[in-house]
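# Summary of the model geometry
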There are 2 protein chains.
Amino acid sequence: MNDSIKVFAPATVANVACGFDIFGFAVDNPGDELVLRKTDLKGVKINKIEGDEGRLPLDASKNTAGIAIIKFLEAIGAESQGFEMDLKKLMPLGSGLGSSAASSVAGVFAANELLGRPLAQKDLLPFAMEGEFIACGSAHADNVGPSLMGGFTVIRSYDPLDIIQLRTPKELYATIVHPHIEVNTKDARNILKREISLKKTITQMGNVAGLVAGLMLPDYDLISRSLVDVIIEPVRAILIPQFDVVKNAALENGALGCSISGSGPSMFALSKDFDTAQKVGRAMQEGFSKVGIDSDCYVSGINQAGPVVIG
Amino acid sequence: MNDSIKVFAPATVANVACGFDIFGFAVDNPGDELVLRKTDLKGVKINKIEGDEGRLPLDASKNTAGIAIIKFLEAIGAESQGFEMDLKKLMPLGSGLGSSAASSVAGVFAANELLGRPLAQKDLLPFAMEGEFIACGSAHADNVGPSLMGGFTVIRSYDPLDIIQLRTPKELYATIVHPHIEVNTKDARNILKREISLKKTITQMGNVAGLVAGLMLPDYDLISRSLVDVIIEPVRAILIPQFDVVKNAALENGALGCSISGSGPSMFALSKDFDTAQKVGRAMQEGFSKVGIDSDCYVSGINQAGPVVIG
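Residues numbered from 1 in each chain as written. Chains lettered and ligands numbered in written order. Predicted model: local features only at pLDDT ≥ 70, side-chain atom pairs only at ≥ 80, totals over all residues. Heavy atoms only, no water.

Screw-axis analysis of chain A against chain B gives a translation of 0.0 Å along the axis, an RMSD of 0.0 Å, and a rotation angle of 180°. Expressed as a symmetry operation, the mapping of one chain copy onto the other fits a two-fold axis. By residue overlap, the copies meet face to face through one surface: 100% of the interface positions of chain A are interface positions in chain B. (Least-squares fit on C-alpha atoms with pLDDT ≥ 70 in both. Contact = heavy atoms within 4.5 Å.)

Encoded structure:
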């Protein structure tokens, strides 16, 4: 058994238009890289974090990946095992791409691998969620779920936790555009309405049912018709300059749908093939650049693997 | 081409626990039988209606089946064609089993068949919905959809109308118990809350997604976990005496789930095999009979055919 491991955990798009707090999918790019080494000293030590511009805490008990590992070690009764970690953020923080979830997943996945897999991969979820709790103030699973399990996941229930993995069609590609502005996750939650009309709830349920059926059949037209959010997007879109322009640019260039990734400010689109997904990305970036906002663009298939060992 | 036809259209269970206004499925039994004959006299004439205890109007312009045929004839420009009809209700009225929908569907299906199928079957839906409108005061499709198309249907959207048919597992059986009490559909709608908490909406969306995935995979445990309604059932259950007793009896006897059929008072359960579905039915009926309420029980698979010609 090795004493050192290097892993990658994928970024994720949560909510996916109609599925607030229940839908999420993983992408091949971007993601986090994490090197974990066994040490003789008890406790988890973070040596360095790259790509965070110094914003993430090096104190493991305050760091999303650190917490996830600590809770995992407690649960399997291996508190005496020491680890040291190098974390490389290959994605922007606070971008709505599940940055903290990817770090949590990378950490707990690496620890489980190094210790000879005492737990099945899906059983790592609660520990990764505790990492999320540190970062967001609430233990959500719609980023952690797909980052850990890969693919498109449904959080059917939080209590008890019940996560379902859906097949997705091979020719489905995600475009993610991250504008260089910042939206605080807590703010993005606080502006949401606490009460929803029964009418909107029915509309949203129809789209949730349609998206699940569309992905499973698969039926791209149905996916497209179902990528509609009448509850969250209308409220949160005001936090993203150029939202309507960028969304329309995606749709006009052939995207099946376009909405906010997680709590934003990143926006995602889904397309039926790679070329369209790239064209959509260019059009979305142009929408932001019209008002002088720089952005990054990522295009990939739906990640099916979740976290992987890369060295 | 015949001048006379006899058809059967199935009863339906709408809402199906978590899917208020969006889910419905058809059953093999009960249903409506309708005989339609071409006549030389313009207009639609209803000769007789059996099984309604004299409660349904014989005036075609006020009858759900009559209206559906009249609207269909107008749409295809065949107003000069005359019809006469005998309707045999093989199910209780106002029972939450889509009685008016079955009549509408039987009528418009029979007319379309007799005229050599000028329209595809799915395109008959708007006319059947107009029949429903007469009966319920609102043009719902969650009974008409599955009665016309068979199987388990999702109304993804009402505007524009978008209905999806889902495969259902072969070993899925429905139990329907109709207690001899009456709940008015309009009353059942009026007591519903117009605003839903975001938290309940998320829970319900999770179950909607879970039920669609469970049916399509198929995964009976997932179907069972998803047959939960936190929005409508808690409000409407008070209209049904013994609701909790009957529901618990179903679950204790092996049902995957149990809830209100449509707006009630009938209750439905889904089970994994026919024997369980029968046992569940007996237990549910006992629940009602404990307080002196008589009931009818129907057990069948999920109807896959929709309306059929039977003579």
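Next comes the rest of the description.
All right, on to the UniProt feature "domain: GHMP kinase C-terminal" (unreviewed entry) in chain A then. The UniProt entry lists residues 220-289 of chain A under the feature "domain: GHMP kinase C-terminal" (unreviewed entry), expressed in the numbering used here. With 53% helix and 13% strand, the stretch residues 220-289 of chain A has end C-alpha atoms that lie 30 Å from each other. (UniProt positions renumbered as here; feature names shortened; annotations may be inferred. Helix = DSSP H or I, 4+ residues; strand = E, 2+ residues; numbered from the N terminus.)

Right, let's get into helix H1 (residues 64-75) of chain B. All names here are of chain B. Between its first and last C-alpha atoms H1 spans 17 Å; for twelve residues at 1.5 Å apiece the expected length is 16 Å, and the two agree. Those residues of H1 that sit buried are Thr-64, Ala-65, Gly-66, Ile-67, Ala-68, Ile-69, Phe-72 and Leu-73. At the N-terminal end of H1, a side-chain oxygen is found 2.8 Å from the backbone nitrogen of Ala-65, two or three residues along, and the residue is Asn-63. Positive backbone phi, at 70°, marks Gly-77, one or two positions downstream of H1. (Expected span 1.5 Å × (residues − 1). Buried < 20%, exposed > 50% of the residue type's maximum accessible area, 1.4 Å probe, protein only. Polar contact = N/O pair within 3.5 Å; in protein donor to acceptor, adjacent residues only side chain to side chain.)

Residue and element names in this part refer to chain A. Per the UniProt entry, the sites bearing "binding site: ATP" (unreviewed entry) are Pro-92, Leu-93, Gly-94, Ser-95, Gly-96, Leu-97, Gly-98, Ser-99, Ser-100, Ala-101 and Ala-102 in this numbering. Position of Pro-92 relative to the elements: it lies in the loop between strand S4 (82-89) and helix H2 (99-114). For Pro-92, the residues in contact, after removing those within four places along its chain, are Leu-97, Ser-99, His-178 and Tyr-298. Looking at the element boundaries, Leu-97 is found in the loop between S4 and H2. Using a relative accessible area of 0% as the deciding quantity, one classes Leu-97 as buried.

Frequently, the measure chosen for interface size is the accessible area that the parts lose on association. At the junction of the two partners, chain A supplies 39 residues and chain B supplies 39 residues. For the pair chain A and chain B, the summed buried area comes to about 2900 Å², and 71% of that belongs to carbon and sulfur atoms. Among the residues of chain A in contact with chain B, Arg-156, Leu-198 and Met-205 of chain A are the three that bury the most area, contributing 24% of the side total. There are two salt bridges connecting chain A and chain B. Ionic pairing is found between Asp-162 of chain A and Arg-225 of chain B, a salt bridge with its closest N-O pair at 2.5 Å. On the surface where chain A and chain B come into contact, there are ten residue pairs in polar contact (both at pLDDT 80 or more). Among the secondary structure elements, those contributing two or more residues to the side of chain A that touches chain B are strand S5 (152-158), strand S6 (161-166), strand S8 (195-197), helix H6 (198-216) and helix H7 (220-226) of chain A. For the side of chain A that touches chain B, the element with the highest residue contribution is H6 of chain A, accounting for 14 residues. The residue inventory of the side of chain A that touches chain B, partitioned by class, reads 22 nonpolar, nine polar and eight charged. Sheet topology note: the S8 of chain A/strand S8 (residues 195-197) of chain B ladder contains three bridges and is antiparallel. (Buried area = accessible area lost by both parts, 1.4 Å probe. Salt bridge = Lys/Arg side-chain N within 4 Å of Asp/Glu carboxyl O. Nonpolar A, V, L, I, M, F, W, Y, C, P; charged D, E, K, R; others polar. Pairing = 2+ DSSP bridges.)

The biggest cluster of nonpolar side chains holds 125 residues, and the ones touching the most others in it are Phe-23, Phe-25 and Leu-36 of chain A together with Phe-23 and Phe-25 of chain B. Listed in part, the 37 residues of the second largest apolar core include Ala-78, Met-85, Val-105 and Leu-148 of chain B. (Core = buried A, V, L, I, M, F, W, Y, C linked by side-chain atoms within 4.5 Å.)

All names here are of chain A. Taken as a whole, chain A is organised into domain 1 (4-166 + 304-309) and domain 2 (173-301). Distance from the C-alpha centre of domain 1 to the C-alpha centre of domain 2: 24 Å. Domain 1 puts 29 residues into the contact, and the matching count from domain 2 is 34 residues. If you sort the residues of domain 1 by the area they bury against domain 2, Ala-17, Cys-18 and Phe-20 come out on top, with a joint share of 25%. Inspection of the region where domain 1 meets domain 2 yields one salt bridge. Applying the counting criterion to the domain 1 and domain 2 interface returns eight residue pairs in polar contact (both at pLDDT 80 or more). Looking at the side of domain 1 that touches domain 2, the elements with two or more residues in it are strand S1 (4-14) and strand S2 (23-39). Broken down by element, the residue count for the side of domain 1 that touches domain 2 peaks at seven residues, all from S2. (Domains from an automatic or database assignment.)

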